[in-house]
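Here are the chains, one letter per residue:
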Amino acid sequence: MKKPSDPDGLSVSELIGLGSQSARKSYYPELTARMSELEAERNRYKWLFENALHGIFQASLNGGLRAANPALACMLGDGDVATTLARCTTLAALFVDPADAREVQRRLLDEGRVVGYTTHLRGEGGRSVPVAMTVVQKPSADDELVMEAFVADITEREQARRRLEQLNEQLEARVQDRTRELERLNDELRQEIAERRRIEVELREARDAAEQANRSKDRYLAAASHDLLQPMNAARLLVATLLERRLETEVQELAQRIHLSLEGAEELLTDLLDIARLDQDRVEPQLEPFALRELTESLAAEFTTLADSQGLALRNCVADAWVVSDYRLLARVLRNLLSNACRYTPQGRVLLGTRRRGGALWVEVWDSGTGIPADQLDAIFREFHQVESRHARDRKGVGLGLAIVERIVARLEHEVTVRSWPGRGSCFAVRVPSGTPGCQPRLAAPAMLPKSDLSGYRVLVVDNEPSILASMQGLLEGWGMTCSLAVDAEEALAVSPPDLLLVDLHLDDGVTGDELVWRLREHWDHPRLPAVVLTAERSDAWLQRLRAAGLPYLNKPLRSGKLRAVLSQLLSSGVDP
């Protein structure tokens, strides 16, 4: 029978197949099975509800909690579910903020569900529990609006979030601190850069001032090389003239002392000029092959007189070999070594020789002098260093000779070594690259010729310094030569053709000695007229110019022995007196 409350159409009995007594009897086993299934399903959901890891509750939208599971009670800190239900008699009592309860109600009514809503539920003792919950609307048999919520405790997540926020705040604070520190360092760096720029400007100004001072020094030294060497040259020539005459013993000794004093002053000035030019890299070697014996014979002739005056025996035992070097610079090196050997040898001998070692040619200067202590072998090549020796103190020197040797050898890319035996002597050796014969022989001064060999020869001396002309005249006439003098080209052209020309390099009105030699040779139609240029000039450009012109030159102040040797060689080459 259909009840009034049954919906239109079939009754409930009819819907489940029990419309009649016969039908109920036929479907009773099936109904029992379905009821068992429903009971099992209800028990399963009940078990899941009570044992769920997350909190679950049902609540009326207009009332309080209707059901809750143990997980929710534990989450809120309640002892059991009954405590939770008794405490939350209204939905607002469950939330820490009642506004959150109203927001959940509104969204549930509008949308039918709320997913992942985060809020704070009120726990036991009023503590706040952060949760995330998903809420769905569930129909009720009494037409009351009921919501069912699944709640997850997000305390750890919130703690992690707050920790992350703290870390972010700390990181931001550290970034700000580092930023301020970098800004401070940048300020300091900018100040340091500005200071460095200021220092660089000052250094450039100091460098420019130093370079200007060096240029001024070079100009001063260039002027000194002419202005000081000119009167010194005249004085040396006058003293040489005195020494070649027969004088009383006291006058002879006085002249010898003057000679030694002038020699010391000349060596000092020459060394200072040379060391300045070497330090300024103004010396450009002109490497070429030449016969070594030509050079050493010239040096032996130059130092024979000095060695004889000191009672020393000077021997030249150089092999007949060709080398590749700068003739003038190598001569300066060997001249300094021979000068030192004579200076530090009170008695005995000095030997100039060669030795081949390991395929290289070594030019060696041996002496039997005082020797050098082992602890000073490195120091002797420093400027102004002199070995303590009574004999060395008897002669003038400032300790630049070996410093010049070392610098020249470095410029030539040669090598210099020293061995010494205190009290027995020393040996200085210079390694020189071997060369191949093939160039024209250089002018080499032979051994000293007797004075009579120059007698009767006519010589023209051209110099713009009257004192030098007078000194040269006295010296040359003392050797038996007929001497003509001229201060400029006009006076020189008016003289009868001589056998030899001695011409100063720098004359008045910009006239140079090499130009004047060419004019005089052309004027007298004598292209092979022997000539020597006398100069206080030390620059490579001028010396190369003279070499290119094939003109031998002698540096001022002149050494009488070297001058006589050069004149002897030139005049003995075929010119008759």
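Residues numbered from 1 in each chain as written. Predicted model: local features only at pLDDT ≥ 70, side-chain atom pairs only at ≥ 80, totals over all residues. Heavy atoms only, no water.

- In the nomenclature of an unreviewed UniProt entry, the protein chain is known as histidine kinase of Halomonas sulfidivorans.
- Turning to the protein chain, the UniProt record has this under Catalytic activity (unreviewed entry): "ATP + protein L-histidine = ADP + protein N-phospho-L-histidine." (UniProt positions renumbered as here; feature names shortened; annotations may be inferred.)

1. Considerations on helix H18 (residues 560-571)
(1) Moving on: Between its terminal C-alpha atoms H18 stretches 16 Å, which fits the 16 Å expected from twelve residues at 1.5 Å a residue.
(2) Moving on: When we look at burial in H18, the residues that qualify are Gly561, Leu563, Arg564, Ala565, Val566, Leu567, Ser568, Leu570 and Leu571.
(3) Moving on: On its buried face, H18 is in contact with helix H14 (466-478), strand E15 (500-504), strand E16 (531-535) and strand E17 (553-555). (Helix = DSSP H or I, 4+ residues; strand = E, 2+ residues; numbered from the N terminus. Expected span 1.5 Å × (residues − 1). Buried < 20%, exposed > 50% of the residue type's maximum accessible area, 1.4 Å probe, protein only. Contact = heavy atoms within 4.5 Å.)

2. Description of the pairing of strand E9 (residues 348-357)
(1) Moving on: In terms of strand pairing, strand E7 (residues 312-317) meets E9 through six bridges, oriented parallel. Looking at E9, one finds that asparagine 316 is bridged to leucine 352.
(2) Moving on: Taken together, the eight bridges between E9 and strand E10 (residues 360-367) define a ladder with antiparallel strand orientation. Paired with leucine 351 across the two strands is tryptophan 366, which belongs to E10. (Pairing = 2+ DSSP bridges.)

3. A word on the sheet that holds strand E3 (residues 113-122)
(1) Moving on: With respect to topology, five strands assemble into an open sheet ordered E2-E1-E5-E4-E3, the strand pairing being antiparallel. Edge strands, defined here as strands with exactly one partner in the open sheet, are strand E2 (65-68) and E3. Neighbour to neighbour, the strand axes of the sheet diverge by 30 degrees on average, direction disregarded.
(2) Moving on: Note: strand E1 (residues 55-60) against strand E5 (residues 146-153), six bridges, orientation antiparallel. Note on E5: the bridge partner recorded for serine 60 is valine 146.
(3) Moving on: Along the sheet, helix H6 (residues 98-111) makes contact with E3, strand E4 (128-138) and E5, crossing E3 at roughly 165 degrees. (Axes fitted to C-alpha atoms, helices over the stretch in contact; angles between N-to-C directions.)

4. Overview of the side chain of threonine 84
(1) Moving on: Along the chain, threonine 84 falls in helix H4 (residues 81-87).
(2) Moving on: Since its relative accessible area comes to 0%, threonine 84 is described here as buried.
(3) Moving on: If near-sequence neighbours (up to four positions away) are discounted, threonine 84 is found in contact with Leu65, Ala73, Leu76 and Asp78.

5. Some remarks on the packing of aromatic side chains
(1) Moving on: Tallied over the full model, the rule gives two aromatic pairs.
(2) Moving on: Each ring, one from phenylalanine 290 and one from tyrosine 327, has its centre 5.1 Å from the other, and the planes form 70 degrees; the classification is edge-to-face. Here phenylalanine 290, found in strand E6 (residues 288-291), pairs with tyrosine 327, found in helix H11 (residues 327-343); they are 37 residues apart in sequence, far enough to count as distant. With respect to burial, phenylalanine 290 and tyrosine 327 carry one shared label: buried.
(3) Moving on: Centre to centre, the rings of tryptophan 366 and tryptophan 421 are 5.9 Å apart; their planes meet at 10 degrees, and the pair counts as stacked. Placement of tryptophan 366 in strand E10 and of tryptophan 421 in strand E11 (residues 415-421) is noted, with a sequence separation of 55 residues between them.
(4) Moving on: For tryptophan 421, a relative accessible area of 31% gives the class partly exposed.
(5) Moving on: A cation over an aromatic ring shows up here: arginine 357 above the ring of tryptophan 362, its NZ or CZ 4.4 Å from the ring centre. (Phe/Tyr/Trp six-rings, centres within 6.5 Å; stacked < 30°, edge-to-face > 60°. Lys NZ or Arg CZ within 6 Å of the ring centre and 35° of its normal.)

6. Let's talk about the confidence of the model for the protein chain
(1) Moving on: For the protein chain, per-residue confidence averages 81 on the pLDDT scale, and 82% of positions sit at 70 or higher.
(2) Moving on: The weakest mean pLDDT in the protein chain belongs to helix H12 (residues 390-393) at 48; the strongest belongs to strand E13 (residues 458-462) at 93.
(3) Moving on: Contacts of residues 9-13 to residues separated by more than four positions or lying in other chains number eight contacts, the stretch itself having pLDDT below 50. (pLDDT = per-residue confidence, 0-100.)

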